[in-house]
There are 2 protein chains.
Amino acid sequence: MKQSHMLIPTLKENPTDAEIKSHQLLVRAGYIRQIASGIYSFLPIGRRVLSKVESIVREEMEKIGAHEMAMPALEPSELWKETGRWTTFGSELMRLNDRHNREFALGATHEEVITSLVRNEVKSYKQLPLTVFQIQNKFRDEARPRFGLLRGREFLMKDAYSFNESYESLDDTYQKMFEAYSNVFRRCGLNFRAVIADSGAMGGKDTHEFMVLSEVGEDVIAYSDTSRYAANIEMAPVVATYEKDTSTPKTMNKVETPGRKTMQEVADFLEHDLQEGIKSILFQVDERFVLALTRGDHEVNDVKLKNLYDADMVELATEEDTKRLLGCGFGSLGPVNVPEEVEVVADHAVASMVNVSCGANEEGYHFINATPEGDFKVDQYADLRFIQEGDPSPDGEGTIQFARGIEVGHVFKLGEFYSERMNATFLNDQGKAKTMVMGSYGIGVSRTLAAIVEQYHDDRGITWPKDIAPYQVHLLSMNPKKEEQKELADQLYNSLLEAGIDVLYDDRKERAGVKFADSDLFGIPLRITVGKRASEGVVEVKERATNDQSELETSEIIDFVKNWYKA
Amino acid sequence: MKQSHMLIPTLKENPTDAEIKSHQLLVRAGYIRQIASGIYSFLPIGRRVLSKVESIVREEMEKIGAHEMAMPALEPSELWKETGRWTTFGSELMRLNDRHNREFALGATHEEVITSLVRNEVKSYKQLPLTVFQIQNKFRDEARPRFGLLRGREFLMKDAYSFNESYESLDDTYQKMFEAYSNVFRRCGLNFRAVIADSGAMGGKDTHEFMVLSEVGEDVIAYSDTSRYAANIEMAPVVATYEKDTSTPKTMNKVETPGRKTMQEVADFLEHDLQEGIKSILFQVDERFVLALTRGDHEVNDVKLKNLYDADMVELATEEDTKRLLGCGFGSLGPVNVPEEVEVVADHAVASMVNVSCGANEEGYHFINATPEGDFKVDQYADLRFIQEGDPSPDGEGTIQFARGIEVGHVFKLGEFYSERMNATFLNDQGKAKTMVMGSYGIGVSRTLAAIVEQYHDDRGITWPKDIAPYQVHLLSMNPKKEEQKELADQLYNSLLEAGIDVLYDDRKERAGVKFADSDLFGIPLRITVGKRASEGVVEVKERATNDQSELETSEIIDFVKNWYKA
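Parameters and conventions
Residues numbered from 1 in each chain as written. Chains lettered and ligands numbered in written order. Predicted model: local features only at pLDDT ≥ 70, side-chain atom pairs only at ≥ 80, totals over all residues. Heavy atoms only, no water. Helix = DSSP H or I, 4+ residues; strand = E, 2+ residues; numbered from the N terminus. Contact = heavy atoms within 4.5 Å. Areas by Shrake-Rupley, 256 points an atom, 1.4 Å probe, with all protein chains shown as cover. Lys, Arg positive; Asp, Glu negative; His and termini not counted. Charge placed at Lys NZ, Arg CZ, Asp CG, Glu CD. Pairing = 2+ DSSP bridges. Axes fitted to C-alpha atoms, helices over the stretch in contact; angles between N-to-C directions. Core = buried A, V, L, I, M, F, W, Y, C linked by side-chain atoms within 4.5 Å. Buried < 20%, exposed > 50% of the residue type's maximum accessible area, 1.4 Å probe, protein only. Least-squares fit on C-alpha atoms with pLDDT ≥ 70 in both. Salt bridge = Lys/Arg side-chain N within 4 Å of Asp/Glu carboxyl O. Buried area = accessible area lost by both parts, 1.4 Å probe. Nonpolar A, V, L, I, M, F, W, Y, C, P; charged D, E, K, R; others polar. Left-handed = near helix turned anticlockwise from the far one by under 90°. Domains from an automatic or database assignment. Phe/Tyr/Trp six-rings, centres within 6.5 Å; stacked < 30°, edge-to-face > 60°. Lys NZ or Arg CZ within 6 Å of the ring centre and 35° of its normal. Parallel < 35°, antiparallel > 145°, perpendicular 65-115°, else oblique. Expected span 1.5 Å × (residues − 1).

1. Considering the overall build of chain A
- Across its full length, chain A carries 14 helices and 31 strands.
- Dimensions of chain A along its principal axes, counting C-alpha atoms only, are 95 × 65 × 50 Å.
- Taking as baseline every contact in chain A between residues at least 6 positions apart, the subset at least 24 positions apart corresponds to 69%.
- Total accessible area computed for chain A in this model is approximately 23,700 Å², and 45% of it derives from carbon and sulfur atoms.
- Of the side-chain charges in chain A, 67 are positive and 94 negative, and the distance between the mean point of each set is 6 Å.

Here's what the structure looks like:
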């Protein structure tokens, strides 16, 4: 393709709103342009790299027998009302009315549409399992769109849905999908982890997120330094054992702690280690109130609290409720003399604590020398805290480390959540009606693109992996005003095209410096420059990522490029 | 692909709402399913045929140097307000507000978005001409969605936009696009015509619609029986000459015509031919009132009236206005004694009329023996009527015939309509700022699919052209319970796949009759049946369109299929 008449506007400066590299570089190099907050156009070279990712996804889906289809973006509200998500999805779901005032959701996901289709069309176990996928723009009205393609409001996604006759069959589909996802992200050149994730409000069971390791990721992953174990930190169980403090319990004593509210302030004031204090937080868990206790250096994980009570909702209690129930504000809460209607639940670490401090449920006072069971009652002990770096890995191998990740994929055993609510049944081989068992599987295609740039760039621009690059070769002439350079470059362009090599030809009448800078910014893996030695038929070949360069006869170019891409 | 675990639900009966063949067959054969009025899902084989059309479009676009990009479906209202189309597009434009109450249009077309992009990024004549395209779902809230994919509310479209430095350059791009479109529809196997069309409210000049000839088309095409001339009937100029009636004008006379209102009723009552009466219709043309006269057997073409006055709006005058201005209702209007404020315009045919009848502007009365100029004044004569079958072709070659057409493509010289309103300028080679000259070019991809089915079907199902079919071969075994049939079919399936042939394998345990009926419905061009002679290694090959069938050794199959597709 000739660059002169192509829409690839490059910028010297980073756009002011772009905080992270992928956002900065994709805009600067002319891959994308913002149309509105969180809404982007893909310019021609942007569309090309997107197609590359799409093709990889498509191939891996087809390999495991998933069939591509296409559902509409306009989804009738009636379907969403059947599952209750018209309400529960909240304000991320974009909605509109048609001219007859019928309500539609703008496709954020398609569980309802596909389940409605399948319940109408699939009747027999003979037709199962069935897996379909689609690649299309999805819409989510993010409260704070940011980071370019990482968190947008309209974005390209692959979503797949499986329908199985049993949970065993779902396990099988899930495993195939898991492997297909691993292949996709491996082929995209990404350093990623498959991470145990929270199944959230979907009522499903197993679920993994595919996380690309990156400092700009919004999620924190806890992973083992020696095994393949990796989990969203919300999900990682703590298997640490605590040595019981063998000191003799002393008499608990109330002391003044004027104005000290945080754990650190209290520990400093009372001159003890952070871990010698008990942290007490009052939660509302559905209808009940729960005082959660952890060691002072630990953090309550509210997902664990939610799972413990099998609850729909966990929130910090309001200041009003806190005062009413415990007689003080957040900074003085403690487990001593708690009224009946408040349950006390403590992390396992608390059981080992002796003679420690805790809030006195009285503004400006704490207890010292408090000991569980002796001085206060604990209704139950549980794994309640976030895992920390240095904790033993839950799989028993190695020690936990933290990393940040960008979620690019998600596989999910939905079970019967949708099929039950929407009455998607089939007749099994005994002729009995059974509810279908479902899975859903997503890949953020445009987000994957951004994640690739996060892992493939340097201070001059993008350094695409071979299989994702918009073109295989960037051809340019240093000075197209010189006839022999222009002629040789034109010739080379035609031979590369004829050899089936994707080539972008910078035929612009620009200074060499501008062309080189743009070329580095674009990140096409191989650059071929026709320069001073054009008259001898010699050109320069440079690898974008490594800066390795060499001079080659034009007759050697085609073989060189083909071999380089095969390697 | 094995059919057993694929979502291809076939129906024996036509869906009750499906009036035309493409709608009936695409639903019955499991290509599409309706989700809401005018909104469809493409099931796996539907998605495949859609991809075939897409690929042809993409190839032809790339051949003429158009670059694929992708603009979002969510378009900020601010852009549409710049061109005024936020108002003028009317209720077909679907609209929604985001969580911050910002207004968006749901992409019906992208002139505004692309013009905004190009005005920001393209500054120099060196970057022009520039042509981009995209293939994506579009949204239009049709008042009456119908005919399946022919008139939907969410549909797949290819839209392209060109930016040129001059009208000459636009002509060049337009011509290339015109040829690319001809190639696309030819490769889709369609019988079509490129038709001169109305440039409508867009302010552009040249425009052609690509019409697939079909009885179910909503547009009428006037074409020459001997030349390539074809036009939307609204657009075809009438070049007929009329012989002047040489009778001597008689004295005009008012006669009673009780209850006679239509031209036919009056002609019958007065016992003369339809063409011996003058038809008079009162229009409101922007702010003025115009009484349009045609011969009794002709029809006023309001597009011509609109163009004559360079008007924005042409409507029938209300009954109220008619009574106020001319003193009677619609059925008695005539050109005699018309007040100053009503202009009288007549079709050329009227100039030749002598001693004819016309309304008397008095309920229940007509004049007879009226003659233009003698008995009433005509402010101007013009080409005002619809062309008719039998009229001479406007290009001077042959005679006009009518045909119905489905509009599948539209090429349009927009000129400066958008670039002027949105201030899209560039610096020319003299360094002077000039307004860009634009074109826009659309193909209804999903509609093209339906048009293909309208031209390719028989009473048993679809008969896809080679390049569009979802698979090249439909393989089935008559009785898979017989081991030798199943084994041979499995073997053949694998050899076909290995040879790179797209094959759908009906491996279902269904009766042969069901399989044959489904196969005919799907319309895959070649069917290979493994039946009674399986043990001898002999199978039956049948061409779907012609019913030609032959028996072949399995060893001959691959070559046969490859050669058949090459032919």
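2. What to know about the sheet that holds strand S19 (residues 365-370) of chain A
Residue and element names in this part refer to chain A.
- Overall, antiparallel pairing links the three strands, which are arranged S13-S19-S18 in an open sheet. Of all strands in the sheet, those with a lone pairing partner are strand S13 (253-256) and strand S18 (356-359), marking the two edges. Averaged over all adjacent pairs, the angle separating strand axes in this sheet is 35 degrees, with direction ignored.
- As paired elements, S13 and S19 share four bridges and run antiparallel to each other. Residue pairing in the sheet places Val255 in a bridge with His366 of S19.

3. Observations concerning the nonpolar core
- Formed by 68 residues in total, the largest nonpolar core has its most connected members in A:Leu106 and B:Leu106.
- Leave out the neighbours within four places in its chain, and A:Leu106 touches A:Ala73, A:Leu74, A:Leu93, A:Met94, A:Leu96, A:Phe139, B:Leu74, B:Leu96 and B:Leu106.

4. Some points on the sheet that holds strand S4 (residues 74-76) of chain B
All names here are of chain B.
- The sheet built from three strands is open, its strands ordered S4-S6-S5 with antiparallel pairing. Looking at strand neighbours, the two that pair on one side only are S4 and strand S5 (95-97), the edges of this open sheet. Ignoring strand direction, the axes of neighbouring strands in this sheet form an average angle of 40 degrees.

5. Some remarks on the relation of the copies chain B and chain A
- In screw terms, the move from chain B to chain A is a rotation of 180 degrees and a rise of 0.0 Å along the axis, fitting with an RMSD of 0.1 Å. What the superposition gives is, in effect, a two-fold axis relating one chain to the other. Using C-alpha coordinates, one finds that chain B approaches the rotation axis most closely at B:Leu96, a distance of 2.7 Å.
- Taken together, the interface assignments show that 100% of the residues at the interface of chain B recur at the interface of chain A, consistent with an identical surface on both copies.

6. Comments concerning the side chain of B:Glu209
Residues and elements named next belong to chain B.
- Inspection of the secondary structure puts Glu209 in strand S10 (residues 207-213).
- Arg447 is the oppositely charged side chain nearest to the buried, salt-bridge-free Glu209, at an N-O distance of 8.5 Å.
- Those residues in contact with Glu209 that lie beyond four places of it in its chain are Arg193, Ala194, Val195, Ala197, Asn232, Glu407, Gly409 and His410.

7. Remarks on unusual backbone geometry
All names here are of chain A.
- With an omega of -5 degrees, the peptide bond running from Leu128 to Pro129 counts as cis.
- Structurally, Pro129 is set in the loop between helix H5 (111-121) and strand S7 (130-139).
- The backbone of Asn337 shows a phi angle near 55 degrees, a positive value even though the residue is not glycine.
- Mapping Asn337 onto the fold places it in the loop between helix H9 (319-326) and strand S17 (342-347).
- Relative accessible area serves as the criterion here: at 71%, Asn337 is assigned to the exposed category.

8. Here's the deal with the environment of A:Ile233
All names here are of chain A.
- Along the polypeptide, Ile233 turns up in the loop between strand S12 (230-232) and S13.
- Overall, the relative accessible area of 16% leaves Ile233 in the buried class.
- With 34 residues separating them along the chain, Ile233 and Ala267 place their C-alpha atoms 26 Å apart.
- With near-sequence residues (within four places) excluded, Ile233 lies in contact with Val220, Ile221, Ala222, Asn301, Phe386, Ile387 and Phe402.

9. Observations concerning the interface of chain B and chain A
- Opposite the 51 residues of chain B that make contact, chain A presents 51 residues.
- Note on chain B versus chain A: buried area summed over both sides is about 4,800 Å², and carbon and sulfur give 64% of it.
- Put simply, chain B and chain A have six salt bridges between them.
- The shortest N-O distance in the salt bridge between B:Glu68 and A:Arg47 comes to 3.9 Å.
- In terms of residue count, strand S2 (residues 39-42) of chain B provides more of the side of chain B that touches chain A than any other element does, four residues in total.
- Each residue belonging to the side of chain B that touches chain A can be placed in one class, and the counts come to 31 nonpolar, seven polar and 13 charged.

10. Re the side chain of A:Glu54
- Within the secondary structure layout, A:Glu54 lies in helix H2 (residues 44-63).
- In this structure, A:Glu54 is in contact with A:Arg47, A:Ile135, A:Leu156 and A:Val445, ignoring residues within four places of it in sequence.

11. A look at the packing of helix H12 (residues 483-498) of chain A against helix H14 (residues 554-566) of chain A
All names here are of chain A.
- For the pair H12 and H14, the least separation of the axes is 11 Å and the interaxial angle reads 35 degrees. Between H12 and H14 the crossing geometry is right-handed. Two secondary-structure elements touch here, H12 through Leu488, Leu492, Ser495 and Leu496 and H14 through Thr554, Ile557 and Ile558.
- The residue makeup of the contact of H12 with H14, split by class, is five nonpolar, two polar and no charged.

12. Notes on the domain arrangement of chain A
- When the domains of chain A are assigned, the result is domain 1 (16-68 + 109-236 + 402-453), domain 2 (253-382) and domain 3 (471-566).
- Of note, the centres of domain 2 of chain A and domain 3 of chain A, computed from C-alpha atoms alone, are 67 Å apart.

13. Examining the packing of aromatic side chains
- This structure, assessed with the given rule, holds 22 aromatic pairs over all chains.
- An angle of 80 degrees between the planes, with centres 6.2 Å apart, marks the rings of A:Tyr181 and A:Phe185 as edge-to-face. With A:Tyr181 and A:Phe185 both in helix H6 (residues 167-187), this residue pair falls four residues apart, about one helical turn.
- Here the aromatic rings of A:Trp564 and A:Tyr565 are separated by 5.0 Å at their centres, their planes lie at 75 degrees, and the arrangement is edge-to-face.
- The exposure class assigned to A:Tyr565 is buried, which follows from its relative accessible area of 16%.
- We note A:Lys466 situated over the ring of A:Trp564; from NZ or CZ to the ring centre the distance is 4.4 Å.
- The ring of B:Tyr365 carries the charged tip of B:Lys254 above its face, separated from the ring centre by 5.6 Å.

14. A short note on helix H11 (residues 445-455) of chain B
- Taking burial as the measure, the eleven residues of H11(B) include nine buried ones, the bulk of the element.
- Listed as buried for H11(B) are B:Val445, B:Ser446, B:Thr448, B:Leu449, B:Ala450, B:Ala451, B:Ile452, B:Val453 and B:Glu454.

15. Re the packing of H2(A) against helix H11 (residues 445-455) of chain A
Residue and element names in this part refer to chain A.
- Orientation of H2 relative to H11, taken along the N-to-C sense of each, is 110 degrees, at an axis distance of 9 Å. Between H2 and H11, the crossing angle belongs to the class labelled roughly perpendicular. Residues Val49, Leu50, Val53 and Glu54 of H2 touch H11, and the partners they reach there are Val445, Ser446, Thr448, Leu449 and Ile452.
- For the contact of H2 with H11, the per-class residue count stands at six nonpolar, two polar and one charged.

16. Some points on H6(A)
Residue and element names in this part refer to chain A.
- Its 21 residues place the ends of H6 30 Å apart at the C-alpha level, agreeing with the 30 Å of an ideal helix rising 1.5 Å per residue.
- Within H6, the full set of buried residues consists of Ser169, Leu170, Thr173, Tyr174, Met177, Phe178, Ala180, Tyr181, Ser182, Val184 and Phe185.
- Just downstream of H6 lies Gly189, where phi reads positive at about 80 degrees.

17. Structural notes on the pairing of strand S8 (residues 154-164) of chain A
All names here are of chain A.
- For S8, the buried fraction is high: eleven of the eleven residues fall into the buried class.
- Neither face of S8 is open: one carries Glu154, Leu156, Lys158, Ala160, Ser162 and Asn164, the other Phe155, Met157, Asp159, Tyr161 and Phe163, and all of them are buried.
- Of the pairings in the sheet, the one linking S7 to S8 comprises ten bridges and is antiparallel in character. When the bridges of S8 are listed, Ile135 appears paired with Lys158.
- Here eight bridges tie S8 to strand S24 (residues 437-444), and the two strands are oriented antiparallel to one another. Following the sheet pairing, Phe163 is matched in S24 by Met438.

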